[in-house]
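Residues per chain are reported as follows:
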Amino acid sequence: MQQPHQHEETRDGSPRVLVVDDDPTVAEVVAGYLDRAGYVVDRADDGPTALTRAAAHWPDLVVLDLMLPGMDGLEVCRRMRGQGPVPVIMLTARGDEDDRVLGLEVGADDYVTKPFSPRELVLRVESVLRRSRPAAPGRLLGAAGLTVDPAARRATRNGTELALTLREFDLLSFFLRHPGRAFSREDLMREVWGWDFGDLSTVTVHVRRLRGKVEDDPARPRLIQTVWGVGYRFDATGTADATGTADATGTAGATGTADATGTAGEEAGS
């Protein structure tokens, strides 16, 4: 079994970000903004080069274009995740919801749609990295056979370690901290992602993925229950959901809000 890569500290301790995009203008703009924000930036313009760069200097985070020539971003993400844990922000085409969902399904922690504000991307990078840092030592969280160690960022189910992405871990931790309370997708986006706006399908996909890892039958969830017209509730007792099924969105009405990338100012990737 191949051992996961160990993080290599940069000389001054700054986080290392790998930017993978075949558009040299986009890559240059993104790298420039990240560099000015204090990050050490590596660049690659295709999948094989990205994997080589990551193997040489394992990044703290990857900004990864979905539509790469040859090996696409989904495959690059899969292969990197097979080597070790690393947060990934996927760059996708505006309005292509299928691509966004695919990126989240393969384990991306966040996505940004092109064209985007480089300042917004830097904020997303800061948010993801902030949440990926180990928490201060504290009590373990647990219920219904699930145990989460926030400091070690380790989660188990009935003693077996769970392979969770950054956001899945944060989402499970949040649910365990607030059992029995119903939260809307807007609530979860604000509390878990740290955003006041964004595409709510992000929450929906992460709930579905998390159910697939913690439920006996994800199609009939007992732990992460749907509260129709509201959102989701974690039931620490694991009693049957009144609806008996997993929904597609968890709420009634609109399925999303304004995209966080629709900001004014400079845009990249147009």
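The preceding data block contains the structure.
Here we summarise the structure given alongside this text. Quantities reported herein were computed from a predicted structural model and do not represent experimental measurements. (Residues numbered from 1 in each chain as written. Predicted model: local features only at pLDDT ≥ 70, side-chain atom pairs only at ≥ 80, totals over all residues. Heavy atoms only, no water.)

1. What to know about the overall build of the chain
A tally of helices and strands in the chain yields eight helices and 12 strands. Only carbon and sulfur atoms are counted for the fraction: they give 50% of the accessible area of the chain, which is about 12,300 Å². (Helix = DSSP H or I, 4+ residues; strand = E, 2+ residues; numbered from the N terminus. Areas by Shrake-Rupley, 256 points an atom, 1.4 Å probe, with all protein chains shown as cover.)

2. Here's the deal with the pairing of strand β7 (residues 146-149)
Only one face of β7 is buried, namely the one carrying L146 and V148, since none of T147 and D149 on the opposite face is buried. In textbook terms, the turn of a hairpin is the stretch between consecutive antiparallel strands, and for strand β6 (residues 141-143) and β7 this stretch comprises two residues, one of which, A144, has a positive phi near 50°. Of the strand pairs in this sheet, β7 and strand β8 (residues 154-157) are connected by four bridges, and their pairing is antiparallel. Of the residues in β8, the one forming a bridge with T147 is T156. Count of turn residues in the β7/β8 antiparallel hairpin: four residues, of which R153 carries a positive phi of about 50°. (Buried < 20%, exposed > 50% of the residue type's maximum accessible area, 1.4 Å probe, protein only. Pairing = 2+ DSSP bridges.)

3. Regarding the sheet that holds strand β5 (residues 110-114)
In space, the five strands of this open sheet follow the order β2-β1-β3-β4-β5, with parallel pairing throughout. Edge positions in the sheet fall to β2 (40-44) and β5, since each of these pairs with one other strand and no more. Across the sheet, the axes of successive neighbouring strands diverge by a mean angle of 20°, strand direction being ignored. Inspection of the sheet shows strand β3 (residues 61-65) paired to strand β4 (residues 88-93) by four bridges, in the parallel sense. In the strand pairing of β4, L64 is matched with M90. (Axes fitted to C-alpha atoms, helices over the stretch in contact; angles between N-to-C directions.)

4. Section: the packing of helix α6 (residues 166-177) against helix α8 (residues 201-214)
Taken N-terminus to C-terminus, the directions of α6 and α8 make an angle of 75°; their axes are 10 Å apart at the nearest point. Compared by their axis directions, α6 and α8 come out roughly perpendicular. Taking contact as the criterion, the partners of R167, E168, L171, L172 and F175 in α6 are, on α8, H206, V207, R209, L210, K213 and V214. When the residues that make up the contact of α6 with α8 are grouped by side-chain class, the tally is six nonpolar, one polar and four charged. (Parallel < 35°, antiparallel > 145°, perpendicular 65-115°, else oblique. Contact = heavy atoms within 4.5 Å. Nonpolar A, V, L, I, M, F, W, Y, C, P; charged D, E, K, R; others polar.)

5. Re the environment of G159
One can find G159 in the loop between β8 and β9 (160-161). For G159, a relative accessible area of 63% corresponds to the exposed category. Residues G159 and G145 lie 14 residues apart in sequence; the distance between their C-alpha atoms is 7.9 Å.

6. A closer look at the pattern of salt bridges
This structure, assessed with the given rule, holds 16 salt bridges. In this structure, D109 and R81 form a salt bridge, with 2.8 Å as the shortest nitrogen-oxygen distance. You can see D109 sitting in the loop between α4 (97-105) and β5 and its partner R81 sitting in helix α3 (residues 73-83), a full 28 residues away along the chain. Linked by salt bridges that have partners in common, D21, D65 and K114 make up one network. (Salt bridge = Lys/Arg side-chain N within 4 Å of Asp/Glu carboxyl O.)

7. Some remarks on α8
Across its 14 residues, α8 extends 20 Å between first and last C-alpha, which sits within 8% of the 20 Å expected from 1.5 Å per residue. Taking burial as the measure, the 14 residues of α8 include 11 buried ones, the bulk of the element. Of the positions making up α8, those classed as buried are S201, T202, V203, T204, V205, H206, V207, R209, L210, R211 and V214. (Expected span 1.5 Å × (residues − 1).)

8. Some points on the environment of G32
Residue position: G32 is located in helix α1 (residues 24-36). For G32, a relative accessible area of 19% gives the class buried. Through-space distance from the C-alpha of G32 to that of P118 is 9.3 Å; in sequence the pair is 86 residues apart.

9. Some remarks on the sheet that holds β7
Spatially, β6-β7-β8-β9 is the arrangement adopted by the four strands of the open sheet, whose pairing is antiparallel. Each edge of the open sheet carries a strand with a single partner, namely β6 and β9. With two bridges joining them, β8 and β9 adopt antiparallel strand pairing. Bridge pairing in β9 links T156 to E161. Each of β6, β7 and β8 touches α6; the most contacted strand, β7, lies at about 110° to it.

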